[in-house]
Amino acid sequence: MLDTARIRPDFPLLARQENGQRLVYLDNAATSQKPRKVIEAIVHYYTFHNANVHRGAYALAVEATDAYEAARTAVARFVNAWAREGVVFTRGTTESINLVAASWGRTNVRRGDTVVVTAMDHHSNIVPWQILCQEKGATLRMVEITGDGRIDLADFGRALEAKPKLVAFPYVSNSLGTVNPAAQLIKLAHSAGAVTVVDGAQSSPHLQVDVQELDCDFYALSGHKMLAPMGSGALIAKPALLEAMPPYHGGGEMIERVWDDRSSWNKIPHKFEGGTPNVEAAVGLGAAIAYLEQLGMERVAAHEQELARIAVDRLSQIDGVTVYGPPDHRAGVVPFTYGDIHPHDLATILDKDGVCIRAGHHCTQPLMRRLGVAATARASFYIYNDVDDIDALVTAVRKAGELFGVPA
Amino acid sequence: MSSPPPDLSELYQQVILDHNRNPRNFKRIESAKCKAEGNNPLCGDRIQLYVQLDDDTISDVGFQMPQGSGCAISKASASLMTEAVKGKRIGDAEEMFEAFRTMLAGGANAPGKLAAFSGVRAFPSRIKCANLAWHALHAALQGSAAPVTTESARDF
């Protein structure tokens, strides 16, 4: 396990008191807290290096550009990208996926084609494909999940029989915590001739990711779930794909030359970064990656998996609690329900004890329908959480049971 | 931030826990002329409301929530609302909605049992839960065909 006693003081917000009690932050799948190093990197950037990037001929602008591009190098190293040119900065996973749908999708998906997603995908990896398929007259095929919360490989195989143009799935489910066999799914999709999109929003913060080993075509990540600022994120892609794709947003920076009636495009990745980018977000993301690399992603993953194992075990001991998701191959995400207490009521009651969890559909309504619930409560862990946090969670859940008269 | 922490027993008053466990008028009214659906897209709460009118009097009212889709606050609020407006004239029901909303916005307590929801004021994230059924009632009485959502409502 990680030494949380040394990690927690790095996160100023965790010193906050909630209703006179220690804040127990267990909503990390929604967003993570930020270490002082990240906050300081942003302040440092604005204090000493702020200028517009890729434009100025003066030293200050060069410094800003260097800081921005250093962050790109950090992202490329963090996920072992094919090349740093294959790292496009975006606002996050949602924008990364929309970029692929709007650019690659509009160019390559035609009437009668099929696009495959899974029933455990986040809305951000469903809705862009719905919009694309509706526009093109293509078919969106949703792969079913098994009873224990995994992608149904038999149904995945059936979906591939349609020779889909594109297959999209989450590496780690935000609602179930399932760690999907990404490399295997990608191999299967490739043999059916599909291009693959991996939603990495929940894997990038928690697992050692190697996109070359996965051999996916596109990989999307969000910075804010991995210690970095909101509005930071990236699309990592095979450079040859990006080269062949039309631009996403027109504007400054993404052009090579502009004539009266047409333009030519800048080299990748700049072709996809029209307008002044969010430099502070990129700089913050670079600092977040440095922090995580210092801990080591394998240790991060092991820490969270151990916390999830303990939490599943402890919550399951409470009569009336149902824990969702697979028994193994689970990241630090623990969704549960308790008797007939609505998850929103649970979240309100837990909040009174300073325990922050998420309640709702977690932007996965197709999944909720398949689980047969309108909502779940979800505890999700990160590097600063420890067994004390699980104790606080379990104690508060038991209190909710007493208040609502769920039999103990 | 510096106000004293709100107490859970003020939010989950006995009458609310009772109506959550045993909702009144929890029924579909097939013949109802006025119907409305309410959604709280943030949490997935959904309500179907049925209002039977006799001239301008609410002669019967019922509601349904798909399995598990109502939290204690939204379900108890719907239940207490049906009790409060049954037998009332449309104008009186709309006045009650206004009083209820005013209470949640920090104003005076609403009349009768509806005052049980005064504790919701201290839990801003739950105000939409308490208002959901009332928005649906308002839509049903207006004859609005489109489902109402708490996102289009002026709750704050």
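Before reading further, recall that the structure is shown in the block above.
Residues numbered from 1 in each chain as written. Chains lettered and ligands numbered in written order. Predicted model: local features only at pLDDT ≥ 70, side-chain atom pairs only at ≥ 80, totals over all residues. Heavy atoms only, no water.

Trainee: For this particular structure, what's the right way to read the overall build of chain B?
Mentor: Looking only at helices and strands, chain B features five helices and four strands. Secondary structure elements of chain B, listed N to C terminal, follow the sequence α-α-β-β-β-α-α-α-β. Put simply, of all contacts in chain B between residues at least 6 apart along the chain, 63% involve residues at least 24 apart. (Helix = DSSP H or I, 4+ residues; strand = E, 2+ residues; numbered from the N terminus. Contact = heavy atoms within 4.5 Å.)

Trainee: Is there a simple way to think about the overall build of chain A in this case?
Mentor: Of the regular secondary structure elements, chain A holds 14 helices and 17 strands. Here the C-alpha atoms of chain A give a radius of gyration of 22 Å, agreeing with the 22 Å that 2.2 N^0.38 yields for 408 residues. Overall, the C-alpha framework of chain A stretches about 75 × 55 × 35 Å when taken along its three principal axes. Look at the contacts in chain A between residues 6 or more apart in sequence, and 71% of them connect residues 24 or more apart. Looking at chain A as shown, the accessible area adds up to about 15,800 Å², and 51% of this sits on carbon and sulfur atoms. Of the side chains in chain A, 39 bear a positive and 46 a negative charge, and the two mean positions are spaced by 3 Å. (Rg over C-alpha atoms; globule rule 2.2 N^0.38 Å. Areas by Shrake-Rupley, 256 points an atom, 1.4 Å probe, with all protein chains shown as cover. Lys, Arg positive; Asp, Glu negative; His and termini not counted. Charge placed at Lys NZ, Arg CZ, Asp CG, Glu CD.)

Trainee: I would appreciate a short explanation of the sheet that holds strand S3 (residues 57–64) of chain B in the present structure.
Mentor: The pairing of strands in a sheet happens through backbone hydrogen bonds and is either parallel or antiparallel. All names here are of chain B. Spatial ordering of the open sheet is given by S3-S2-S1-S4, a layout of four strands whose pairing is mixed. Since the sheet does not close on itself, it has two edges, and those belong to S3 and strand S4 (148–149), each with one partner. In this sheet, S3 lies alongside strand S2 (residues 45–54) in antiparallel orientation, the contact comprising seven bridges. For Leu-49, the partnering residue across the bridge sits in S3 and is Phe-63. (Pairing = 2+ DSSP bridges.)

Trainee: For this particular structure, what's the right way to read the interface of chain A and chain B?
Mentor: Interfaces are often sized by the amount of accessible area the parts lose when they come together. On the side of chain B, 25 residues touch chain A, which itself brings 16 residues to the contact. Around 1,500 Å² of area is buried between chain A and chain B when both sides are counted, 55% of it from carbon and sulfur atoms. Contact with chain B buries surface across chain A, with Thr-348, Lys-352 and Phe-404 of chain A losing the most and accounting together for 31% of the total. Close ionic contact of Arg-126 of chain B with Asp-345 of chain A constitutes a salt bridge, the shortest N to O distance being 2.9 Å. Linking chain A to chain B there are eight residue pairs in polar contact (both at pLDDT 80 or more). For the side of chain A that touches chain B, the secondary-structure elements that each account for two or more residues are helix H12 (343–352) and helix H14 (387–404) of chain A. Ranked by the residues each element gives to the side of chain A that touches chain B, the list is headed by H12 of chain A, at five residues. Among the residues forming the side of chain A that touches chain B, the class breakdown is five nonpolar, seven polar and four charged. (Buried area = accessible area lost by both parts, 1.4 Å probe. Salt bridge = Lys/Arg side-chain N within 4 Å of Asp/Glu carboxyl O. Polar contact = N/O pair within 3.5 Å; in protein donor to acceptor, adjacent residues only side chain to side chain. Nonpolar A, V, L, I, M, F, W, Y, C, P; charged D, E, K, R; others polar.)

Trainee: Help me understand the packing of helix H2 (residues 14–21) of chain B against helix H3 (residues 72–85) of chain B in this model?
Mentor: A pair of packed helices is captured by two measures, namely the crossing angle of their axes and the spacing between those axes. Residues and elements named next belong to chain B. Between H2 and H3, whose axes approach to 8 Å, the crossing angle comes to 90°. Between H2 and H3, the angle falls in the class roughly perpendicular. Between H2 and H3, the residues in contact are Val-15, Ile-16, His-19 and Asn-20 and Ala-72, Ile-73, Lys-75, Ala-76, Ser-79, Leu-80 and Glu-83, respectively. Of the residues that constitute the contact of H2 with H3, the class distribution is six nonpolar, three polar and two charged. (Axes fitted to C-alpha atoms, helices over the stretch in contact; angles between N-to-C directions. Parallel < 35°, antiparallel > 145°, perpendicular 65-115°, else oblique.)

Trainee: Whenever I open this one, the sheet that holds strand S9 (residues 218–222) of chain A confuses me. Can you help?
Mentor: Residues and elements named next belong to chain A. Here seven strands make up an open sheet; going across it, the order is S4-S10-S9-S8-S7-S5-S6 and the pairing mixed. Of all strands in the sheet, those bounded by a partner on one side alone are strand S4 (87–90) and strand S6 (139–143). Across the sheet, the axes of successive neighbouring strands diverge by a mean angle of 20°, strand direction being ignored. Of the pairings in the sheet, the one linking strand S5 (residues 114–118) to strand S7 (residues 166–170) comprises two bridges and is parallel in character. Bridge assignment links Val-116 to a residue of S7, and that residue is Val-167.

Trainee: Looking at this structure, I do not really get the packing of aromatic side chains. What am I missing?
Mentor: We describe a pair of aromatic rings using the distance from one ring centre to the other and the angle between the two ring planes. Scanning the model with the defined rule gives ten aromatic pairs over all chains in all. When the centroid spacing of 5.1 Å and the interplanar angle of 70° are considered together, the rings of Phe-404 of chain A and Tyr-12 of chain B count as edge-to-face. Residue Phe-404 of chain A is located in helix H14, and its partner Tyr-12 of chain B is located in the loop between helix H1 (8–11) and H2; the two belong to separate chains. Its relative accessible area of 5% is what places Phe-404 of chain A among the buried residues. With a centroid separation of 5.1 Å and 80° between ring planes, the pair formed by Phe-26 of chain B and Phe-63 of chain B is classed as edge-to-face. Residue Phe-26 of chain B is found in the loop between H2 and strand S1 (34–40), and its partner Phe-63 of chain B is found in strand S3; the two are separated by 37 residues along the sequence. Judged by relative accessible area, which is 35%, Phe-26 of chain B ranks as partly exposed. You can call Phe-63 of chain B buried: its relative accessible area is 0%. Among the aromatic side chains, those forming a connected cluster through ring pairs are Phe-11, Tyr-291, Tyr-382 and Tyr-384 of chain A. Lying over the aromatic face of Trp-259 of chain A, Arg-262 of chain A brings its terminal NZ or CZ to 4.3 Å of the ring centre. (Phe/Tyr/Trp six-rings, centres within 6.5 Å; stacked < 30°, edge-to-face > 60°. Buried < 20%, exposed > 50% of the residue type's maximum accessible area, 1.4 Å probe, protein only. Lys NZ or Arg CZ within 6 Å of the ring centre and 35° of its normal.)

Trainee: When you look at helix H5 (residues 127–136) of chain A in this model, what are you seeing that I'm missing?
Mentor: What sets the pattern is the α-helix's 3.6 residues per turn: residues three or four places apart point alike. All names here are of chain A. Residues of H5 that are buried include every one of Pro-128, Trp-129, Leu-132 and Cys-133, and no others. Angularly, the buried residues of H5 cover 130° about the axis, an arc narrow enough to put them on a single face. Note on H5: the residue one or two positions beyond its end, Gly-137, has a positive phi of about 70°. (Arc of directions from axis to C-beta.)

Trainee: Explain the pairing of S1 of chain B here, please?
Mentor: Side chains on a regular strand alternate between the two faces of the sheet. Residue and element names in this part refer to chain B. In terms of burial, S1 is largely enclosed, as five of its seven residues are buried. By the bridge criterion, seven bridges tie S1 to S2 in an arrangement that is antiparallel. In the sheet register, Cys-34 faces S2, and the bridge partner there is Val-51. Examined bridge by bridge, S1 and S4 share two bridges and lie parallel to one another. Bridging across to S4, Asn-39 finds its partner in Thr-149.

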